[in-house]
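Letter by letter, the chains look like this.
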Amino acid sequence: MLKTILFLFLAILNAQTSLPPLTIDVRPRLFRDDRLNVVVQIDNHTDRNILEMEGFITESDQEGKMVSEKRLILVRSYDPALKPEMTVSGSLSYPFKRTEPKNYTFHISRIRFSEDYRIYAYHPAIGFIRID
């Protein structure tokens, strides 16, 4: 009986601490007082190799209105595959104005895994969505 309770407790603890399949981290970095580099870092917590990955950095003002959207390719088809538990990063540059604080988010619009011909999009709340 004690073993069963311990096993159940460990299973619940493991379910609560499991990581999402992809961890997305967006960090703006000031460069030379007039340029802002927005660095996107993605950690692969899936059990599959990622062959291609791209998305969009959305720039929005303090009220949440979209100002701009730029494409960022993190893993190209000719790059080495992003293996499980590895990280990839990329950055884009924006002009910096001290009077207008901005928010930056990254959305994955296209991802392809090895040994899978299908193409997916990714949303942190939903997971992978097949688009092709």
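Throughout this description, residue numbers start from 1 for each chain and increase along the sequence as written. At least 70 in pLDDT is required for a residue's local features to be given in this predicted model, at least 80 for side-chain atom pairs to be given and counted, and no such filter applies to totals for whole chains, interfaces and linings, which use all residues. No hydrogens and no water enter the side-chain calculation; it runs on all heavy atoms of the structure.

Undergrad: Sorry if this is basic, but what is going on with the sheet that holds strand 1 (residues 22-31) here?
TA: Working definition: the strands of a sheet are paired by backbone hydrogen bonds and lie parallel or antiparallel to each other. Judged by pairing direction, the sheet is antiparallel, and its 3 strands sit side by side in the order 1-2-5 without closing on themselves. The outermost strands of the open sheet, each flanked by one partner alone, are strand 1 and strand 5 (87-95). Taking the axes of each pair of neighbouring strands and ignoring which way they run, one obtains an average angle of 20 degrees across the sheet. By the convention used here, strands pair only if DSSP detects at least 2 bridges between them. Secondary structure elements follow DSSP: runs of H or I no shorter than four residues count as helices, runs of E no shorter than two count as strands, and numbering proceeds from the N terminus. When strand 2 (residues 35-44) meets strand 5, the two strands line up antiparallel, connected through 9 bridges. Directly across from aspartate 43, in strand 5, lies its bridge partner threonine 87. Angles shown run from 0 to 180 degrees and are taken between the N-to-C directions of axes, each axis being a line fitted to C-alpha atoms and, for helices, limited to the stretch in contact.

Undergrad: For this particular structure, what's the right way to read the pattern of salt bridges?
TA: Any two side chains of opposite charge can pair, so long as their charged atoms come close to each other. What makes a salt bridge here is a side-chain nitrogen of Lys or Arg within 4 Å of a carboxyl oxygen of Asp or Glu, nothing more. In total, this model carries 6 salt bridges according to the counting rule given. Of the charged contacts, one joins aspartate 25 and arginine 27 as a salt bridge, the two residues approaching to 2.4 Å between their closest N and O atoms. Ionic pairing is found between arginine 118 and aspartate 116, a salt bridge with its closest N-O pair at 3.0 Å. On the basis of relative accessible area, aspartate 116 is assigned to the buried category, the value being 8%. Overlapping salt bridges bring together Arg48, Asp116 and Arg118 as one network. Per-residue accessibility, obtained with a 1.4 Å probe over protein chains only, is compared with the maximum for each type, and a residue is labelled buried under 20%, exposed over 50%, and partly exposed between these values.

Undergrad: When you look at unusual backbone geometry in this model, what are you seeing that I'm missing?
TA: Peptide bonds are mostly trans, and most non-glycine residues show a negative phi. In the Ramachandran plot, arginine 32 falls in the positive-phi region, its phi being about 60 degrees despite a non-glycine side chain. Residue placement: arginine 32 occurs in the loop between strand 1 and strand 2. Overall, arginine 32 belongs to the exposed group, its relative accessible area being 69%. Unlike most non-glycine residues, glutamate 115 shows phi in positive territory, near 60 degrees. In this fold, glutamate 115 is placed in the loop between strand 6 (103-113) and strand 7 (120-123).

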